[in-house]
Amino acid sequence: MKAAVYYENGAPDVFRYEEVPDPECHRKGIIVRVEAVSIEGGDTLNRFRGALVTKPHIVGYQAAGEVVQIGEEVEGIKVGDKVVTTGAFGSHAELRAVPARTAWVIPEGMDVREAAAIPVPFGTAHDCLFEFGRMKQGEIVLVQAGASGVGVAAIQLAARAGASMVLATASSDERLERLKPLGLTHGINYQRDDVALEVARLTDKHMADVIVDSVGGPTLQSSIMSLAYRGRVSMVGQAGREPMKVDVGSMMGGNRSLSGVFLGAEIATDRVHNNIQQLIQDVADGKLKVVIDKTFALSDAAEAHRYIESRQAVGRVLLIP
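Residues numbered from 1 in each chain as written. Predicted model: local features only at pLDDT ≥ 70, side-chain atom pairs only at ≥ 80, totals over all residues. Heavy atoms only, no water.

**Focus: the sheet that holds strand β11 (residues 208–213)**
Alright, step 1. Pairing is parallel in the open sheet, where six strands are placed in the order β10-β9-β8-β11-β12-β13. Edge positions in the sheet fall to β10 (186–189) and β13 (257–260), since each has one partner strand and no second. Sheet twist, expressed as the average angle between the axes of neighbouring strands with direction ignored, equals 15°.
Alright, step 2. Here strand β8 (residues 140–143) runs beside β11; their pairing, made up of three bridges, is parallel. Looking at the pairing, L142 lines up with I211 of β11.
Alright, step 3. Relative to strand β12 (residues 227–235), helix α7 (residues 218–225) is tilted by about 150°, and along the sheet it contacts β11, β12 and β13. (Pairing = 2+ DSSP bridges. Helix = DSSP H or I, 4+ residues; strand = E, 2+ residues; numbered from the N terminus. Axes fitted to C-alpha atoms, helices over the stretch in contact; angles between N-to-C directions. Contact = heavy atoms within 4.5 Å.)

**Brief notes about α7**
Alright, step 1. Within α7, the full set of buried residues consists of L220, Q221, S223 and I224. For α7, the angular spread of the buried residues around the axis is 155°, confining them to a single face.
Alright, step 2. Where α7 is buried, its residues contact β11, β12 and β13. (Buried < 20%, exposed > 50% of the residue type's maximum accessible area, 1.4 Å probe, protein only. Arc of directions from axis to C-beta.)

**Describing the layout of surface pockets**
Over the atoms rolls a probe the size of a water molecule, and in doing so it shows where empty space is left.
Alright, step 1. By volume, the second largest pocket is sized at about 290 Å³.
Alright, step 2. Across the lining of the second largest pocket, the residue classes tally to ten nonpolar, two polar and one charged. (1 Å grid on protein atoms, 1.4 Å probe; cavity = no way out; pocket = protein on both sides within 12 Å on 5 of 7 lines; lining within 4 Å. Points joined across faces, edges and corners; volume = space filled by probe spheres on them. Nonpolar A, V, L, I, M, F, W, Y, C, P; charged D, E, K, R; others polar.)

**What about the side chain of Q62?**
Alright, step 1. Note that Q62 resides in strand β4 (residues 62–70).
Alright, step 2. Q62 gets classed as buried once you look at its relative accessible area, which sits at 0%.
Alright, step 3. At 3.2 Å, the side chain of Q62 forms a polar contact with the side chain of E40.
Alright, step 4. In this structure the side chain of Q62 is engaged in a polar contact, spanning 2.7 Å, whose partner is the backbone oxygen of A116. (Polar contact = N/O pair within 3.5 Å; in protein donor to acceptor, adjacent residues only side chain to side chain.)

**Thoughts on the packing of aromatic side chains**
Alright, step 1. Under the counting rule described, the total for this entry stands at two aromatic pairs.
Alright, step 2. Note on Y6 and F15: the rings are 5.7 Å apart at their centroids and 75° apart in plane angle, and the pair reads as edge-to-face.
Alright, step 3. The buried category is assigned to Y6, whose relative accessible area is 0%.
Alright, step 4. We classify F15 as buried; its relative accessible area is 8%.
Alright, step 5. Across the ring face of Y307, the terminal group of K294 is positioned such that the distance to the ring centre comes to 4.4 Å. (Phe/Tyr/Trp six-rings, centres within 6.5 Å; stacked < 30°, edge-to-face > 60°. Lys NZ or Arg CZ within 6 Å of the ring centre and 35° of its normal.)

**Some points on the environment of E94**
Alright, step 1. Structurally, the position occupied by E94 is in the loop between β5 (82–86) and β6 (95–99).
Alright, step 2. By relative accessible area, which is 27% here, E94 ends up partly exposed.
Alright, step 3. Between the C-alpha atom of E94 and that of S214, which follows or precedes it by 120 residues, the distance is 29 Å.
Alright, step 4. Apart from the residues within four sequence positions on either side, E94 is in contact with M1, K2, Y17, V32, R33, V34, L298 and P321.
Alright, step 5. Side-chain polar atoms of E94 contact the backbone nitrogen of K2, separated by 2.8 Å.

**Focus on the packing of helix α3 (residues 119–131) against helix α8 (residues 270–284)**
Alright, step 1. Direction vectors running N to C along α3 and α8 enclose 115°, while the axes themselves pass 10 Å from each other. Judged by the angle between their axes, α3 and α8 are roughly perpendicular. Regarding α3 and α8, the two cross each other, and that crossing is right-handed. Where α3 approaches α8, its residues P119, F122, G123, H126, D127 and E131 are matched on the opposing element by R271, V272, N275, I276 and L279.
Alright, step 2. Across the contact of α3 with α8, the residue classes break down as five nonpolar, three polar and three charged. (Parallel < 35°, antiparallel > 145°, perpendicular 65-115°, else oblique. Left-handed = near helix turned anticlockwise from the far one by under 90°.)

**What to know about the nonpolar core**
Generally speaking, soluble globular proteins have nonpolar side chains that are buried together.
Alright, step 1. Grouped together as the largest cluster of nonpolar side chains are 51 residues, with contacts concentrated most on I118, L129, V141, I155 and L179.
Alright, step 2. Every element with two or more residues in this core is listed here: α2 (112–115), α3, β8, α4 (149–160), β9 (165–170), β11, α8 and β15 (316–320).
Alright, step 3. Per element, the largest residue contribution to this core is seven residues, and it comes from α4.
Alright, step 4. Counting residues in each nonpolar core, the second largest holds 18 residues, with V14, A63, F296 and A302 among its members. (Core = buried A, V, L, I, M, F, W, Y, C linked by side-chain atoms within 4.5 Å.)

**A short note on the environment of G123**
Alright, step 1. Within the secondary structure, G123 sits in helix α3.
Alright, step 2. Accessibility expressed as a relative area gives 1% for G123, which makes it buried.
Alright, step 3. Remark: the alpha-carbon pair of G123 and I58, spanning 65 residues in sequence, is separated by 23 Å.
Alright, step 4. Residues in contact with G123, not counting those within four places in the same chain, are I118, L263, I276 and L279.

**Description of empty space enclosed by the protein**
Alright, step 1. Taken as a whole, this structure holds one cavity of 30 Å³ or more when the rule is applied.
Alright, step 2. Reported here for the largest cavity is a volume of approximately 40 Å³.
Alright, step 3. Forming the walls of the largest cavity are A117, P121, F122, G149, V152, V290, V291, G315 and R316.
Alright, step 4. Across the lining of the largest cavity, the residue classes tally to six nonpolar, two polar and one charged.

Here it is, written out as structure tokens:
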């Protein structure tokens, strides 16, 4: 099969488009012929500095396509089904092998490209808001990096759950404008404005009850300073690639809390697996929307990663084998 691989970490130009051996099917796993790869934030971070589990390494968490082989112990999935899959690596390829437990059947008639962009961002956003953020109807929500895949999902989920205000940050007014149809109440251009001061102004100093922060670095401290009394931050990534420097003492006066969130730690549980299947169904039913910014050929993985890192995208960028 063909795959986008690299032999060392670094900038997007480390990618090579090469022939590599086909993956083997585990007795509890499946092989999928990939039709769409959703490039996740962790994919770019892993390419930059993650472990090379294999060499050459095929990066990538998430991809969707058609099942072409199943292991002898697999139930509930059959050859010919369309599924969306997650895994620690291996999405940037024509074929991928995953445990059947981290695959979800795509409803008949649903766009495979849309399904490809659901499990990690929508599942993560849901956990950040509800499982760990304990969001309740009427609360104010702030989404850092609102134009990201997790951000696009979190804005919709918060609005659907009855948030009184949904605030989000992005690098430009144009990107923020594109988020308004998804349920954004007010956008904050972090390139121009101090986020905490803007949150105070927009909320009449109430601040945010729940914050979803996928950026980390100095942004995490900004999130903490944007919290209301008893506010909760769900920290879910390090897209900013800068060290986490947090003044924990700044949380005490307001009885605030910070939770680290990693969907992968619970993705094989019944709770998360069933929740993701429901989110896929919600998109299929038109209750939630997947935003696809651009598609690239799998052979153009370097260009796609470069585009993501330019911070121009709104929603997900896909690779098509």
